Amino acid sequence: MTESTPLISVVIPTYNRADIILKTLNSVLNQTWRNIEVFVVDDASTDNTAEVMASVKDERVHFIQLAQNSSGTRPRNEGIERSSGEFIALLDSDDEWVPEKLEKQLAYLRQQPGKNRVCMTAKYNKRPEGMHLRRNKDLKKYASIMEFLLLGNDFQTSTLLLDAAIAKQTQFDPTLRKHQDWDFALRLQERGASFFYLDLPLTIYDDSDSTARISSDGKRDKSLIWLESIKKRVPSYIWFGFYAKIIADSYLLSNEKSKGIAIYLKLLLSRKIKFSHFMAMMNERFKKLATITAKRFVPGK
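Just so it is clear, the structure is predicted and the values come from calculations on it, not from any experiment.

To continue, consider the confidence of the model for the protein chain. On average, residues of the protein chain score 91 in pLDDT, and 91% of them reach the 70 mark or higher. Across residues 211-217 the pLDDT falls below 50, and counting only partners more than four positions away or on other chains, this stretch makes 15 contacts in the model.

Quantified by volume, the second largest pocket comes out at close to 190 Å³. Taken together, Tyr-108, Gln-112, Asn-136, Lys-137, Asp-138, Leu-139, Lys-140, Phe-195, Phe-196 and Tyr-197 make up the full set of residues lining the second largest pocket. With 3 residues, the top contributor of residues to the lining of the second largest pocket is strand β9 (residues 194-206). Split by residue class, the lining of the second largest pocket holds 5 nonpolar, 2 polar and 3 charged.

One pass over the full model with this rule turns up 19 salt bridges. Between Asp-163 and Arg-117 there is a salt bridge, with its nearest N and O atoms 3.0 Å apart. One end of the pair, Asp-163, is in strand β8 (residues 161-163); the other, Arg-117, is in strand β6 (residues 117-127), with 46 residues separating them in the sequence. A single burial state applies to Asp-163 and to Arg-117, both of which are buried. The network of salt bridges with common partners includes Arg-74, Glu-78, Glu-81 and Arg-82.

Turning our eyes to something else, we now look at unusual backbone geometry. Note: most peptide bonds trans; most residues except glycine with negative phi. Backbone geometry places Ala-44, a non-glycine residue, at a positive phi of 60°. Looking at the element boundaries, Ala-44 is found in the loop between β2 (36-42) and α2 (49-53).

On to the pairing of β9. For β9, the buried fraction is high: 10 of the 13 residues fall into the buried class. Both strand β5 (residues 96-97) and β9 contribute to a ladder of 2 bridges, which runs antiparallel. Among the inter-strand pairings, Trp-97 is bridged to a residue of β9, identified as Thr-203. Where β6 and β9 come together, 10 bridges link them in parallel fashion. Residue pairing for β9: Asn-125 is matched across the bridge by Tyr-205.

If you look at soluble globular proteins, the nonpolar side chains tend to sit buried side by side. By size, the foremost hydrophobic cluster in this structure holds 52 residues, and its most contacted members are Met-120, Met-146, Phe-155, Leu-188, Phe-195, Trp-226 and Phe-242. Ignoring anything within four residues of it in the chain, the contact list for Leu-188 reads Val-118, Phe-155, Leu-162, Ile-166, Thr-170, Ala-193 and Phe-195. Judged by nonpolar contacts, the second largest core, of 28 residues, contains Leu-25, Val-28, Phe-87 and Ala-89.

This brings us to the pairing of β2. Strand residues, when the strand is regular, have side chains that alternate between the two faces of the sheet. With 7 of 7 residues buried, β2 is to be regarded as a mostly interior element. The alternating pattern of β2 places Ile-36, Val-38, Val-40 and Asp-42 on one face and Glu-37, Phe-39 and Val-41 on the opposite face, and all of these are buried. Two strands pair when backbone bridges link them, and strand β1 (residues 8-14) and β2 are joined in this way by 7 bridges, in the parallel orientation. Along β2, the bridge assignment pairs Thr-14 with Asp-42. Taking the sense of rotation as the criterion, the β-α-β connection linking β1, helix α1 (residues 21-29) and β2 turns out right-handed.

Once that is clear, we can look at the environment of Phe-148. In this structure, Phe-148 sits in helix α5 (residues 145-150). On the basis of relative accessible area, Phe-148 is assigned to the buried category, the value being 0%. Here the alpha-carbon distance between Phe-148 and Lys-137, two residues 11 residues apart in the chain, equals 8.3 Å. Every residue in contact with Phe-148, bar those within four places of it in the chain, is listed here: Met-120, Asn-136, Lys-137, Leu-139, Tyr-142, Asn-153 and Asp-154.

A word on the side chain of Asp-173. Assignment of secondary structure puts Asp-173 in the loop between α6 (164-170) and α7 (180-190). It turns out Asp-173 is buried and unbridged, and the closest side chain with the opposite charge, Arg-187, is 4.5 Å from it. At 2.7 Å, the side chain of Asp-173 forms a polar contact with the side chain of Thr-175. Excluding its chain neighbours within four sequence positions, the residues that come into contact with Asp-173 are Thr-73, Asp-183 and Arg-187.

Definitions and cut-offs
For every chain, the first residue of the written sequence is number 1, and numbering continues from 1 onward in sequence order. Given that this is a predicted model, residues contribute local features only at a pLDDT of at least 70 and side-chain atom pairs are listed and counted only at 80 or more, while totals for whole chains, interfaces and linings are drawn from all residues. The side-chain figures draw on all heavy atoms in the structure; neither hydrogens nor water molecules are used. Residue-level confidence of the predictor is what pLDDT reports, using numbers from 0 through 100. The contact criterion used is simple: two residues touch if any of their non-hydrogen atoms lie within 4.5 Å. Only protein atoms enter the calculation, which uses a 1 Å grid: trapped sets of points that fit a 1.4 Å probe without letting it out are cavities, open sets showing protein on both sides within 12 Å along at least five of seven lines are pockets, and any residue with an atom within 4 Å of a point is a lining residue. Grid points are joined across faces, edges and corners, and a volume is the space filled by probe spheres set on the points. For helices the rule is a DSSP run of H or I covering at least 4 residues; for strands it is a run of E covering at least 2, with both sets numbered from the N terminus onward. Amino acids are sorted into nonpolar (Ala, Val, Leu, Ile, Met, Phe, Trp, Tyr, Cys and Pro), charged (Asp, Glu, Lys and Arg) and polar (every other residue, Gly among them). Salt bridge, as used here: a side-chain nitrogen of Lys or Arg that lies within 4 Å of a carboxyl oxygen of Asp or Glu. Partly exposed describes any residue whose relative accessible area lies between the buried limit of under 20% and the exposed limit of over 50%, with all areas from a 1.4 Å probe on protein chains only and scaled to the type maximum. In this description, strands pair whenever DSSP reports at least two bridges between them. Side-chain atoms within 4.5 Å are what join buried Ala, Val, Leu, Ile, Met, Phe, Trp, Tyr and Cys residues into a set we call a nonpolar core. For the handedness criterion, the strands are oriented away from the viewer, and a crossover whose path from the first strand over the helix to the second runs clockwise is classed as right-handed. Asp and Glu are treated as the negative residues and Lys and Arg as the positive ones, with His and the ends of the chain left uncounted. In the analysis that follows, any N or O atom pair within 3.5 Å is treated as a polar contact, provided that within protein one partner can donate a hydrogen and the other can accept it, and provided that, for residues neighboring in sequence, both atoms belong to side chains.

Printed below as a string of structure tokens:
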């Protein structure tokens, strides 16, 4: 590693993705930025992931198998802990990068001040009906990273590049089973991170099962656990906003829409969420519902 060509450590958590892990990995090995090390951390897969990874001969790739399954929370931390690069990039095992992702993002990040820098990018959402360009709004418009996330912006880990020091200091909460990305953003904020957004779509995010993820009633309990864990760490209007965004939305996108509407109206009328936030979230909801409706009526589907 030199000052002009710093080492980037890439962390790829995986579980039972033997059929697609090489596609994801190749999108890393084909990066125009060549000075990388890659940690593929397997969360005790039960398929032939180990056999597939044994075919990879690139000396930059390190394959780590966990002895016991952690439900997806441990592999990222394992890779972060083992990394030796000046920067760390995260990539989920069903996502991909465009070839210039690391080169362009690193050039942008190195222009930013400070040492606790976290950079996200725009992305392509890959859906059955095709690619959808997903952009964030200007970070400067928001009071905090949590308000940024509350009001319809993404903090998707596959887009991230950050200084290794703050990644190692922060890591992911190993007890969470849901909202690990949002929680990581909050943990980074609490440790003094500076957030930056590069408005280039450099990641291809697998969004094929987005409807199922959004409307799954069975995940409300896991969401409530996360909400309880942040209750004293964020302003109350932010907390109630996330409560509406998560719990009310799960009803809006199910067959119990009236429950979701009731939650939103109760929080608005009691002034527990800001009116401007309410309007922004409603706009986001209408767009989401329109997208889901369009997906249900794609010709030939």
